[in-house]
Structures are given as structure tokens and as C-alpha cells.
Amino acid sequence: MGFSNIATCAQMVTVVNTNLPVIQCPSNIVVISCVATQVFYTVTASNLCCTNVSVVCTPASGTVFAPGTTTNVHCVATEDCCSNTASCDFTVAVVPDTT
């Protein structure tokens, strides 16, 4: 005599990435100049779970900064795959040459 008791079930598992991207801003930048100066910098970001991490800085690298000013630069790293974000800040100072 055989028994054919069969039961099945389905389960959905959702994996959520809560790891924030790691963002690295440069140290504060000081430029000695008496004229408006274009300043370039590099900000990097990464995440172990998502390789598609982008960085946006305001003002952007390559912006022209006026002498006698110190400007805060705010950068945000975003991930397309999980919408996690991280940010960092640094300053760009253009100091007039007094020599």
C-alpha cells in the first residue's frame, strides 16, 4: 500500500543592500593665486554590493574659483541598484599671493 502525500510551498526572499557607499573626498585644497583659478579634484566612491556608484560634486571639478574666497564643495555618492547614498565635504580656498 503506497501513500502519495505531497505538499509544496513557495517562499520569496528579498535581499536588501543597506551598505552605504564609501566615498573619499580630498583634503581641503588651498591655491595661491591673484587671479580666478580653475581647480580640478577627484572624488571616488565604491560599494561591495553595487559596482555602479556615481559621484556628483557641487561645485564640480574644473570650476573657476575667485581669489580671496573659500568655497565648500559637497559631494554625494549614489548607487543605482539600491538608492543608498553617502556624502563628504571639503573646501577650496584661493589665497592671493602676497609676495
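Residues numbered from 1 in each chain as written. Predicted model: local features only at pLDDT ≥ 70, side-chain atom pairs only at ≥ 80, totals over all residues. Heavy atoms only, no water.

Enquirer: Got a minute to help me understand the sheet that holds strand β2 (residues 29–32) in this structure?
Expert: Within the open sheet, the four strands sit side by side as β2-β8-β7-β5. Their pairing is mixed. Each end of this open sheet is capped by a strand with a single partner; those strands are β2 and β5 (53–58). Averaged over all pairs of adjacent strands, the angle between strand axes in this sheet comes to 20 degrees, irrespective of strand direction. Sheet topology note: the β5/strand β7 (residues 69–79) ladder contains six bridges and is antiparallel. Within β7, the residue paired with Cys57 across the bridge is Cys75. (Pairing = 2+ DSSP bridges. Helix = DSSP H or I, 4+ residues; strand = E, 2+ residues; numbered from the N terminus. Axes fitted to C-alpha atoms, helices over the stretch in contact; angles between N-to-C directions.)

Enquirer: Help me understand the confidence of the model for the protein chain, please; the structure alone is not making it clear to me.
Expert: Reading fine detail from the predicted coordinates is not recommended where pLDDT is low. Per-residue pLDDT for the protein chain has a mean of 90; in total, 98% of the residues score no lower than 70. Per-element confidence in the protein chain ranges from a low mean pLDDT of 93 for strand β4 (residues 44–46) to a high of 98 for strand β6 (residues 63–65). (pLDDT = per-residue confidence, 0-100.)

Enquirer: Mind showing me how you'd approach the side chain of Thr37 here?
Expert: Turning to its location among the elements, Thr37 is positioned in strand β3 (residues 37–39). When its relative accessible area of 17% is taken as the criterion, Thr37 is described as buried. Leaving out residues up to four positions away in the same chain, Thr37 has contacts with Val31, Thr63, Val64, Phe65 and Val94. (Buried < 20%, exposed > 50% of the residue type's maximum accessible area, 1.4 Å probe, protein only. Contact = heavy atoms within 4.5 Å.)

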